[in-house]
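# Tertiary structure, described
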Amino acid sequence: QVQLVESGGGLVQPGGSLRLSCTATGFNSSTCGVAWYRQAAGKNREWVAEISRDGSTNYPNSVKGRFTISRDKAKATVYLQMNSLKPDDTAVYSCKTTGYYCASVGTWGQGTQVTVSE
């Protein structure tokens with residue numbers, strides 16, 4: 001069964017940090033890129049980070065300088081390190097496979113809730 005599984009979400013105070021994980025199971029993800037998205041209540045889904053199969057990364061201005069995407073290919077896991085969190089970062093965060101070389105491109109995880117609040 002081809003799956004992406006997110007973990008690491010939870011409640012954090014403004015200014016705090018959190019690290020999310022996205023682990024691939026049931027397929028070889030080494031030739032895939034991975035993107036992170038978030039969706040806040042009542043809002044559209046927003047792209048927040050991407051890492052390509054060769055390790056290059058990209059971010060929108062809303063998170064640039066605060067979020068870092070990385071991967072451990074041996075563990076088939078992509079991470080999203082989130083620093084200097086603010087209440088507007090509150091959302092369900094999901095990961096998705098990307099890239100021309102990815103046989104399972106377009107696979108989504110189930111999402112993990114991140115809440116930034118006092």
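Residues numbered from 1 in each chain as written. Predicted model: local features only at pLDDT ≥ 70, side-chain atom pairs only at ≥ 80, totals over all residues. Heavy atoms only, no water.

Let's shift gears to the sheet that holds strand β5 (residues 46-51). Spatially, 6 strands are ordered β2-β10-β9-β4-β5-β6 in an open sheet, and the strand pairing comes out mixed. Two strands lie at the open edges of the sheet, namely β2 (10-12) and β6 (57-58), each paired on one side alone. Pairing of β5 with β6 involves 2 bridges; the strand directions are antiparallel. In the sheet register, Glu 50 faces β6, and the bridge partner there is Asn 58. (Pairing = 2+ DSSP bridges. Helix = DSSP H or I, 4+ residues; strand = E, 2+ residues; numbered from the N terminus.)

Ordered in space as β1-β3-β8-β7, the 4 strands form an open sheet in which the pairing is antiparallel. If you trace the sheet from one side to the other, it starts and ends with β1 (3-7) and β7 (67-72), each paired once. Neighbouring strand axes in the sheet, compared pairwise and without regard to direction, differ in orientation by 20° on average. In this structure, β7 lies alongside strand β8 (residues 77-82), joined through 6 bridges in antiparallel fashion. Note on β8: the bridge partner recorded for Arg 71 is Val 78. (Axes fitted to C-alpha atoms, helices over the stretch in contact; angles between N-to-C directions.)

Let us now look at the nonpolar core. One finds Leu 20, Trp 36, Ile 69, Leu 80, Met 82 and Tyr 93 to be the most contacted residues of the largest nonpolar core, which totals 27 residues. Elements with a contribution of two residues or more to this core: β3 (18-25), β4 (33-39), β5, β7, β8, β9 (91-98) and β10 (112-116). Residue contributions to this core peak at 4 residues, all from β3. Setting aside chain neighbours within four positions, we find Tyr 93 in contact with Glu 6, Leu 20, Trp 36, Tyr 37, Arg 38, Val 48, Phe 67, Leu 80, Met 82, Gly 111, Thr 112 and Val 114. (Core = buried A, V, L, I, M, F, W, Y, C linked by side-chain atoms within 4.5 Å. Buried < 20%, exposed > 50% of the residue type's maximum accessible area, 1.4 Å probe, protein only. Contact = heavy atoms within 4.5 Å.)

Another point: the environment of Glu 118. Looking at the element boundaries, Glu 118 is found in the segment after β10. Residue contacts for Glu 118: discarding those within four places in its chain leaves Gln 13 and Pro 14.

Here the focus is the pairing of β4. The two faces of the sheet receive side chains in turn, since in a regular strand these alternate between them. Counting buried positions over the 7 residues of β4 gives 6, a clear majority of the element. Of the strand pairs in this sheet, β4 and β9 are connected by 7 bridges, and their pairing is antiparallel. Considered in β9, the bridge of Tyr 37 is made with Ser 94. Note: β4 against β5, 5 bridges, orientation antiparallel. Across the sheet, the residue bridging to Tyr 37 is Trp 47, located in β5.

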